[in-house]
Protein chains: 2
Amino acid sequence: MSEKRVYAFGKDQNGKNVTEGDTSMKWILGGKGANLAEMANLGLPVPPGYSITCQTCMEYANAGNVWPEGALDEIWGYTENLEERMGKRIGDEEDPLLVSVRSGAPFSMPGMMDTVLNLGLNDQSINGLIKQTENPRFAWDSYRRFIQMFSNVVMGVDGDYFEDAINAKKKEKGVKDDTELTAEDLQDLVEVFKGIFSEHVDGEKYPNLVVDGKVAFPQDPKVQLQHAIEAVFGSWNNERAVIYRQREKIDDNLGTAVNVQTMVFGNKGETSATGVAFTRNPANGNKEFYGDFLVNAQGEDVVAGIRNTSPIVELKEIESLREAALQLEEIFCTLENHFRDMCDIEFTIEQGKLWMLQTRVGKRTATAALHIAIEMEGEGLISRDEAICRVQPDQLDQLLHPQFAAGAKYDPIAKGLNASPGAAVGKAVFSAEDAVKAKEKGEKTVLVRWETTPDDLSGMIAAEGILTSHGGKTSHAAVIARGMGAPCVCGVDALLIDANKKQAAVAGTNIVIKEGDVISIDGMTGDVVYGAVELAEAELSKDLDIMLKWADEAATMKVRANADNPHDAQLSRDFGATGIGLCRTEHMFLGKRKEIIQTFILSEDQEEMDKALKDLRDAQSGDFYEMFKAMDGLPVIVRLLDPPLHEFLENGREIEVKLATMKLEGAPKERIEKMKVFLDKIDSFAEANPMLGMRGCRLGIMYPELPHMQARAISTATAKLIKEGYNPKPEIMVPLVSTTQELDTMRKVCEETIADVEKDYDVKLNIPIGTMIELPRAAVTADDIAKYADFFSFGTNDLTQTTFGFSRDDVEAEFVPKYIQDKLLPSNPFATVDKGVAKLVKMGVELGHQGNPKLECGVCGEHGGDPESVKKFNQIGLDYVSCSPFRVPLARLAAAQAAIEQK
Amino acid sequence: MSEKRVYAFGKDQNGKNVTEGDTSMKWILGGKGANLAEMANLGLPVPPGYSITCQTCMEYANAGNVWPEGALDEIWGYTENLEERMGKRIGDEEDPLLVSVRSGAPFSMPGMMDTVLNLGLNDQSINGLIKQTENPRFAWDSYRRFIQMFSNVVMGVDGDYFEDAINAKKKEKGVKDDTELTAEDLQDLVEVFKGIFSEHVDGEKYPNLVVDGKVAFPQDPKVQLQHAIEAVFGSWNNERAVIYRQREKIDDNLGTAVNVQTMVFGNKGETSATGVAFTRNPANGNKEFYGDFLVNAQGEDVVAGIRNTSPIVELKEIESLREAALQLEEIFCTLENHFRDMCDIEFTIEQGKLWMLQTRVGKRTATAALHIAIEMEGEGLISRDEAICRVQPDQLDQLLHPQFAAGAKYDPIAKGLNASPGAAVGKAVFSAEDAVKAKEKGEKTVLVRWETTPDDLSGMIAAEGILTSHGGKTSHAAVIARGMGAPCVCGVDALLIDANKKQAAVAGTNIVIKEGDVISIDGMTGDVVYGAVELAEAELSKDLDIMLKWADEAATMKVRANADNPHDAQLSRDFGATGIGLCRTEHMFLGKRKEIIQTFILSEDQEEMDKALKDLRDAQSGDFYEMFKAMDGLPVIVRLLDPPLHEFLENGREIEVKLATMKLEGAPKERIEKMKVFLDKIDSFAEANPMLGMRGCRLGIMYPELPHMQARAISTATAKLIKEGYNPKPEIMVPLVSTTQELDTMRKVCEETIADVEKDYDVKLNIPIGTMIELPRAAVTADDIAKYADFFSFGTNDLTQTTFGFSRDDVEAEFVPKYIQDKLLPSNPFATVDKGVAKLVKMGVELGHQGNPKLECGVCGEHGGDPESVKKFNQIGLDYVSCSPFRVPLARLAAAQAAIEQK
């Protein structure tokens, strides 16, 4: 026997439940079909019908839109059975059965796929409907809607033809509103619509619709039904559905089920109604029935917003609907207890009788998710662990940043990538300098740049938000903004920036943003708005606090933060970080300090170099003092200088162009000579592949003065704080280690320096020394390396680069976006840790513990703030993840969920 | 009891052998000491003595030149024992014992460390020596030599003082030659030398030598002995020894033994002689005694070449030495049979009595090594496997390239890196173009460049050899030259090239090499010679052929070659390659074809692109036709296009400089605009990290036209050859795969194209499709990838880059040389495969076979031609290695040795 393709739901003619599925079968029946079955099984009033499986959809599609053998017969069998159960026949002239044909995939894809209502109407059954309803206007209106919907949705006829015809009719009759058209008018329109159908449907494509050499609207309900089902199947692969799935990471091979269900009508007078509802408030999570209804209306009217809906709690105040309303409230409780979660419901009351059309677990805001989970735990409905797992970690981002206020009205002038969450309003400025100046005057700004560079950092800090026309979600602007928790919209192609003129035109509009014009950006949606949008401030709610405390109790893996300055350190602490997992010291080398390090790099003699080193040491010592103080009692991992030195220098290409210009302009010979020497020096630091070159510990090995200076600054700050009664806990991290000898060499420099400071300050310092594991060689030889390390921190950003042979730049440009689109990669490997990279991390942890059983292992880098990655790291058995301060709450929750899942 | 530090060798006073060591103890006694012991055990006449262990040297050095407890007492004990055994006392006035003090490390380090002879002479024992020898001149000369040697070697006094004193004496006496000085003259010199000693030895450093407030030459033999031993220990760490060990990869922690041995004299008249000998001819391997001797002479005279030596076979023709000579020849046979190898021997005949001073397995040329191994196998002295292991694979390089003729005399004007073996003589040319022109005229040239680029390739092919002033052993010039088998000397800093003037000055000389001047280079030594040096041509000898046949029988791993053109393919076949393991198709895109690919990359419309593709396909099809034909019946792995596209384009920086110049020079606006557009296009292909970017299969995925074109060219060439009755065996290799999806995508393009060609030509094509494993991700997920691959070829060059996070450029510049020098790396990981990289290869092979049990695995890249790496690959279980054609014989031998070792 072949596979079962159709499943009935609802009762038979004797009131006996003949449902064949249940809620567990969503992979077969889709979410809608499985829950219709579940409701029927619970004894709830569900209009009878059947579901065609998702697998049938995929087989049909994969065979090039050809029906699997026997499938249609199975469908006709179930259709006849439905007619029997209802005691009505489709297309019947006396009492016709009308059905809806709806899609229903395993995951909700709202509005993405097709629906056909009122199927079964034809020139015969229209009479039956008139007889049964005694409402010819309703009947003709239903027929005209069916033809319109069938033509548009199933046959792809442009909907404008029908709208035009309706408008023509209204003009002819001298009326303004559809509702003013009479039954006769609508009957006329049915004929007009049939004509449109004949004219615009291609007879060669649909030979079965040709009657007497002309295409005709199909009168055979079976033909209507088959076409409608095929259309729903086809809609699985329509463009908007494909894009939606890609965005939501839904598998293309799931397919959609098709639900064929008896029509019920909420528009049969004052005893009829229709509505949508939630069992709790999905906005704030309060325990109250929530939703809207309309009396004497169809479902689509509630959603369309043409008529003013009433709140669901008022339903029972309407006498004619009171009984149904009470039953509905009871069902709310039944469903919530059954699904143990807040449910989202669609219902219709037809002439006093309540029908349940859909239920599913309801979507909710982050605030609501938190509140509902905490309350349900309190009610005993769900366990503590379940409560923790009920909140999506990613949702927490909403709570930690200001948002456009819920009711605010605005028209975006452009849209970019939602690179860093939160919304900002401020005057547009076009340079970091201007942002800083404005800040000094107390003005709020949005920094608008083509793309940001490390030189823009002061401006990025001064501005409320960052807006760039180039670069993607891992561009400099995006990464830094997320790190700072600043809103950022990136890659707004439409923004044509002229930084010299301090203005930006918006392509396709005549809007020009000038310096000082107020703009608003929403880093959650990517919207850019000209003018001010009202903001709702972020709040660290009581619920969030409770939830995160629960999370910390459940988690086994700790969460630290990446922070490079005292302010971020404090923020991390406030967000519950248990330490600093990564302090990137090069981020301390900005502004004035950048000049000092340039002097060090380009120094011609020992004296100049020593002076620069001393200046750097003094500055760093101050930085560390403040950082360690802010994190008093908690570990702070300081990474020694990492980037290639040329990053601190000017660009050779620009200088060479300048040099060529100087020569032609006849600049003095000695100036040219000096420039040449400077260029040679700069070029001597350039590298063909800077990511694969002289950086990380290699710098420290070539210039031992640098780690010596940094170790001294760290030790001195620590010694001072101990003398002052604090409990500083610094750790020194050596970057980019590939061999044990590198780590050993760097370790010795640090240990000697620490010992010197211990002597100078007469104090005992306990400063663990460890390494970043960010090269494949380090991961596969971790057993050796661990012998010289007190801790490992996996630098999964760089590890991803070398493991894949990608650079991060590739994520923006060229092939990585194409790879993700074409499914050559499941997702951006710099956002969610890749399987191969995770394997290397696992190997590193296991081998590392072989080499040093006391080894502490963590991960720093953006993956530490990605819930899916956090789960993998928990499985691998890391001690902690470290992420940017604003991702700390999210990571705490993700760590807890990972621990619970792994139980 | 503490560790034994001193071992006796030779007989006691009763003629009983009291030797304590043997040849197996070279790690303790050094090579010399262990073999002296072995000879004594064999009953051969060895002057008695003792060896102080290597371990004592290291303890002494590691403690900061402090003697381990008890060590000196043990030495004094053995010294007394030696006096007893010899029946003589050191420093004795009647019959003094004289000893030599020589170094002897576990590995031969010729001339690197110190030796002191005639130790024990002082103002008393000189009288005893005169009495015993009845030769005052000999005695005073010995004393004068001893003071000179002790002062210079042990105390570090400049040798010139002594030479000056001798010259002054000769002038005073009006003689020209040392030998004309009388015993009295020499006695005077002894006093003068003592004065030099007193003047130049620092009394504060050596308080024990101060007598009456003045430094005096030590008269106490114990003091002499202790200082001499300490000097030999110290010489282990002198600069030249350290550099030598580094070059020869000898462990710094081995230390040297010290051999204290009774002096014997070959200069006691006509019944005395001294000589060095080999048991077979070390130049050609012929079975004949080989070496030189001098009658009435000391060992150093033989080596110094002041007197004309006689061939060893003539020794027995001298009546007074005949008996000793016959004994010596018998000993040659004894030693060869005992050591089962050719031996290198030093001997002295003192007044008719033969003494053996040293033996060891002798060094030999590659020709000799081959011949000796083959003959000894024939004699039954060694097994076939032993014969195979007797030849160092690296030595074969000598046999495959022309060399400077053995007797040729020349003075190098400069020295560079020995980048590619072989010697070349030709006229200096300074551009590829000039090399090509000269070739057309039939002239031989040496191409002199600052560094070569791919544009120089035609010139590199035309020239006899390549000489560069920059770049190291893995520079472009070096890599390409090795691939072509062309001699190359790289990085000759002293060469100051002015390519415009077509000349090169040699720093530190007044030589200027002008275009057309004949120069000679030796890629084996790095020598550069002004003028022509006589060359000895390479020959593929009969012995080599026999040996390689033996090797192929013993080996389990096959050897293929990397070849990119029909000529190299033929060469590979001649050298015994079993296929082409890597054909780099981008190497086919030179000259005219480079222009075509540029057109493709920069094409503005489809038509232009299609035309370029068609041209490329036609050209490639011809290339492949010839390659497959040359390799008829053997596999040829063709790698699809790999390098980033910008490598085919001009340099953006240069264009930008040109653009700036054009603007200032007032070039027409449209020319400037055009240039700008061109620059933008060029820049759009630039990458911050080209090694980590858009290259390899990523090109093929972004531009499916490229793999399609190449697959079509391969298939067409194959189809044509099949039609012509050949048996072409191409395989398609996809480069830089990191995910299964990449390989799957590329595989599909290739398979579809192959199927098309099968149809077009009505022929069945069997073209396996596999991938390079050259990214860590590919290695760790090889189980998945293997499901889509017929074969893996490990690209260990690139794998080394990403595993380490090095780029190959780093090997030249900056830190990698320092790493190797400071032992942060054992060797250049691009030459000998690294441990971590090998681990990834192993993982790749094991996982790969899990995914596809039929998977064929090989390695391409330079490691395939490195014997040490070949051994590791054999252990890992690869099916083949692939290397440049000239390394094929070497790899065949290495593969055999690896198989034998693994037995």
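Check the entry above for the structure.
So, how was this worked out
- Residues numbered from 1 in each chain as written.
- Chains lettered and ligands numbered in written order.
- Predicted model: local features only at pLDDT ≥ 70, side-chain atom pairs only at ≥ 80, totals over all residues.
- Heavy atoms only, no water.
- Pairing = 2+ DSSP bridges.
- Helix = DSSP H or I, 4+ residues; strand = E, 2+ residues; numbered from the N terminus.
- Axes fitted to C-alpha atoms, helices over the stretch in contact; angles between N-to-C directions.
- Contact = heavy atoms within 4.5 Å.
- Salt bridge = Lys/Arg side-chain N within 4 Å of Asp/Glu carboxyl O.
- Buried < 20%, exposed > 50% of the residue type's maximum accessible area, 1.4 Å probe, protein only.
- Least-squares fit on C-alpha atoms with pLDDT ≥ 70 in both.
- Phe/Tyr/Trp six-rings, centres within 6.5 Å; stacked < 30°, edge-to-face > 60°.
- Polar contact = N/O pair within 3.5 Å; in protein donor to acceptor, adjacent residues only side chain to side chain.
- 1 Å grid on protein atoms, 1.4 Å probe; cavity = no way out; pocket = protein on both sides within 12 Å on 5 of 7 lines; lining within 4 Å.
- Points joined across faces, edges and corners; volume = space filled by probe spheres on them.
- Nonpolar A, V, L, I, M, F, W, Y, C, P; charged D, E, K, R; others polar.
- Right-handed = clockwise from strand over helix to strand, strands pointing away.
- Patch = residues over 30% accessible without salt bridge, like charges linked within 9 Å, V, L, I, M, F, W, Y side chains within 5 Å.
- Areas by Shrake-Rupley, 256 points an atom, 1.4 Å probe, with all protein chains shown as cover.
- Lys, Arg positive; Asp, Glu negative; His and termini not counted.
- Charge placed at Lys NZ, Arg CZ, Asp CG, Glu CD.
- Buried area = accessible area lost by both parts, 1.4 Å probe.
- Core = buried A, V, L, I, M, F, W, Y, C linked by side-chain atoms within 4.5 Å.

**Q** What's the story with the sheet that holds strand β31 (residues 729-734) of chain B in this structure? I'm lost.
**A** In any sheet, the strands associate via hydrogen bonds between backbone groups, in a parallel or an antiparallel arrangement. Residue and element names in this part refer to chain B. Spatially, β28-β29-β30-β31-β32-β33-β34-β35 is the arrangement adopted by the eight strands of the closed barrel, whose pairing is parallel. For this sheet the average axis-to-axis angle between neighbouring strands, irrespective of direction, equals 30 degrees. Each of β33 (791-795) and β34 (856-860) touches helix α32 (residues 835-851); the most contacted strand, β33, lies at about 170 degrees to it.

**Q** What exactly am I supposed to notice about the pattern of salt bridges here?
**A** Think of it this way: side chains of opposite charge can pair up when their charged atoms draw near. Throughout the structure, instances matching the rule amount to 124 salt bridges over all chains. For Asp456(B), the salt bridge is made with Arg449(B), and the minimal N-O distance between the two is 3.3 Å. Of the residues examined, Asp456(B) reaches a relative accessible area of 5% and is grouped as buried. Ionic pairing is found between Glu856(B) and Arg560(B), a salt bridge with its closest N-O pair at 3.3 Å. Note that Glu856(B) is positioned in strand β34 and Arg560(B) in strand β28 (residues 558-562), a separation of 296 residues in sequence. Given the relative accessible area of 5%, Arg560(B) is considered buried. Via salt bridges that share partners, Arg280(A), Lys287(A), Glu336(A), Glu375(A) and Glu379(A) belong to a single interconnected network.

**Q** Help me understand the relation of the copies chain B and chain A in this model?
**A** One chain copy maps onto the other through a rotation about an axis and a shift parallel to that axis. Laying chain B over chain A is done by rotating through 180 degrees and shifting 0.0 Å along the axis; what remains is an RMSD of 0.2 Å. On this basis, the relationship between the two copies can be described by a two-fold rotation axis. In this assembly, 100% of the residues forming the interface of chain B have copies in chain A that are likewise at the interface, indicating an isologous arrangement.

**Q** I'm lost on the packing of aromatic side chains in this one. Help?
**A** Both the distance between ring centres and the angle between the ring planes are used here to describe each pair of aromatic rings. Under the defined criterion, the tally for this structure stands at 45 aromatic pairs over all chains. Taking the centre distance of 6.1 Å and the plane angle of 85 degrees together, the rings of Phe792(B) and Phe794(B) count as edge-to-face. As far as the burial class goes, Phe792(B) and Phe794(B) line up, both buried. Cluster of aromatic residues (ring-pair linked, three or more members): Phe146(A), Phe150(A), Phe197(A) and Phe217(A).

**Q** Explanation requested: the environment of Lys415(B) in the structure shown.
**A** Residues and elements named next belong to chain B. One can find lysine 415 in strand β16 (residues 412-415). With residues near it in sequence (within four places) discarded, lysine 415 still touches Val492, Thr525, Gly526 and Asp527. Here the side chain of lysine 415 touches threonine 525 through a polar contact of 3.0 Å, landing on its backbone oxygen. Reaching out from lysine 415, the side chain makes a polar contact with the side chain of aspartate 527 at a distance of 3.2 Å.

**Q** Could you clarify how one ought to interpret the layout of surface pockets in this entry?
**A** Think of a ball as big as a water molecule: rolled over the atoms, this probe shows where empty space is left. Residues and elements named next belong to chain A. Of the volumes computed, that of the second largest pocket is approximately 980 Å³. Looking at the second largest pocket, it is lined by 31 residues, and the ones nearest its centre are Asp141, Arg144, Arg145, Gln298 and Asp301. Elements represented by at least two residues in the lining of the second largest pocket include exactly β6 (115-119), α5 (136-154), α6 (160-173), α7 (183-200) and α10 (299-304). A total of 11 residues in the lining of the second largest pocket trace back to one element, the largest contributor, which is α5. Partitioning the lining of the second largest pocket into residue classes produces 11 nonpolar, 10 polar and 10 charged.

**Q** Please clarify how the pairing of β31(B) should be interpreted in this entry.
**A** Side-chain positions along a regular strand alternate between the two faces of the sheet. Residues and elements named next belong to chain B. Of all six residues in β31, five are buried, a share of seventy percent or more. As judged from the five bridges shared by strand β30 (residues 635-639) and β31, these two strands associate in the parallel manner. Residue pairing for β31: isoleucine 637 is matched across the bridge by glutamate 731. Examined bridge by bridge, β31 and strand β32 (residues 769-773) share three bridges and lie parallel to one another. Within the sheet, the bridge partner assigned to valine 734 lies in β32 and is threonine 771.

**Q** Mind showing me how you'd approach the pairing of strand β32 (residues 769-773) of chain A here?
**A** Residues and elements named next belong to chain A. With five of its five residues buried, β32 lies for the most part within the structure. In the classification by handedness, the crossover that spans strand β31 (residues 729-734), the intervening helix α26 (residues 740-761) and the parallel β32 is right-handed. Where β32 lies against strand β33 (residues 791-795), three bridges are found, and the strand directions are parallel. Opposite isoleucine 773, over in β33, you have phenylalanine 794 as the bridge partner.

**Q** Is there a simple way to think about the sheet that holds strand β9 (residues 257-262) of chain B in this case?
**A** All names here are of chain B. With respect to topology, five strands assemble into an open sheet ordered β1-β2-β9-β5-β6, the strand pairing being antiparallel. A strand with exactly one partner marks an edge of an open sheet, and here the two such strands are β1 (6-9) and β6 (115-119). This sheet shows a mean twist of 20 degrees between the axes of neighbouring strands, independent of strand direction. As paired elements, strand β2 (residues 49-52) and β9 share four bridges and run antiparallel to each other. Bridge assignment links isoleucine 52 to a residue of β9, and that residue is valine 258. Lying over the sheet, helix α1 (residues 26-41) contacts β1, β2, β5 (99-104) and β9, oriented at roughly 30 degrees with respect to β9.

**Q** Explanation requested: a negative patch on the surface in the structure shown.
**A** Residue and element names in this part refer to chain A. Together, Glu604, Asp605, Glu607, Glu608 and Asp610 make up a region of like negative charge exposed at the surface. Relative to the elements of secondary structure, glutamate 608 occurs in helix α21 (residues 606-630). You can call glutamate 608 partly exposed: its relative accessible area is 34%.

**Q** Help me understand the interface of chain B and chain A in this model?
**A** It is common to give the size of an interface as the accessible area that goes away when the parts come together. Facing 58 residues of chain B, the contacting portion of chain A comprises 58 residues. Regarding the contact of chain B and chain A, the summed buried area is about 4900 Å², with carbon and sulfur atoms giving 59% of it. Seen at the junction of chain B and chain A, the total is eight salt bridges. For Arg653(A), the salt bridge is made with Asp683(B), and the minimal N-O distance between the two is 2.8 Å.

**Q** Would you explain the environment of Gln132(B) in this entry?
**A** All names here are of chain B. Structurally, the position occupied by glutamine 132 is in helix α4 (residues 125-133). According to the relative accessible area criterion, glutamine 132 is partly exposed, its value standing at 45%. C-alpha of glutamine 132 to C-alpha of glutamate 94: the two residues are 38 residues apart in sequence and 7.7 Å apart in space. Not counting chain neighbours up to four residues away, the residues in contact with glutamine 132 comprise Glu94 and Asp95. Within polar-contact distance, the side chain of glutamine 132 engages the backbone oxygen of glutamate 94 at 3.3 Å.

**Q** Please explain helix α2 (residues 54-62) of chain A as it appears in this structure.
**A** Because an α-helix packs 3.6 residues into every turn, residues spaced three or four apart end up facing the same way. Of all the positions in α2(A), only Cys54(A), Thr56(A), Cys57(A), Met58(A) and Tyr60(A) are classed as buried. Residues of α2(A) that are buried make contact with α1 (26-41), β2 (49-52), α3 (71-86), β5 (99-104), α8 (221-235) and β9 (257-262) of chain A.

**Q** In this structure, what is going on with the nonpolar core? I would like to understand it.
**A** In globular proteins that are soluble, nonpolar side chains generally tend to be buried together. In terms of nonpolar packing, the biggest core is built from 277 residues, with Phe792(A) and Phe792(B) touching the most fellow members. Beyond its immediate stretch of four places on either side in the chain, Phe792(B) contacts Thr771(B), Ile773(B), Ala782(B), Ile785(B), Ala786(B), Gly844(B), Gly848(B), Leu855(B), Glu856(B), Cys857(B), Gly858(B) and Tyr880(B). Counting 71 residues, the second largest nonpolar core, distinct from the first, contains Tyr60(B), Met109(B), Phe146(B) and Phe162(B).

**Q** Would you mind going over unusual backbone geometry with me for this structure?
**A** Residue and element names in this part refer to chain A. Although it is not a glycine, lysine 502 sits at a positive phi angle of roughly 55 degrees. Along the chain, the position of lysine 502 falls in the loop between β22 (495-498) and β23 (503-506). Lysine 502 gets classed as partly exposed once you look at its relative accessible area, which sits at 30%. The backbone phi angle of aspartate 762 is positive, close to 50 degrees, even though this residue is not glycine.

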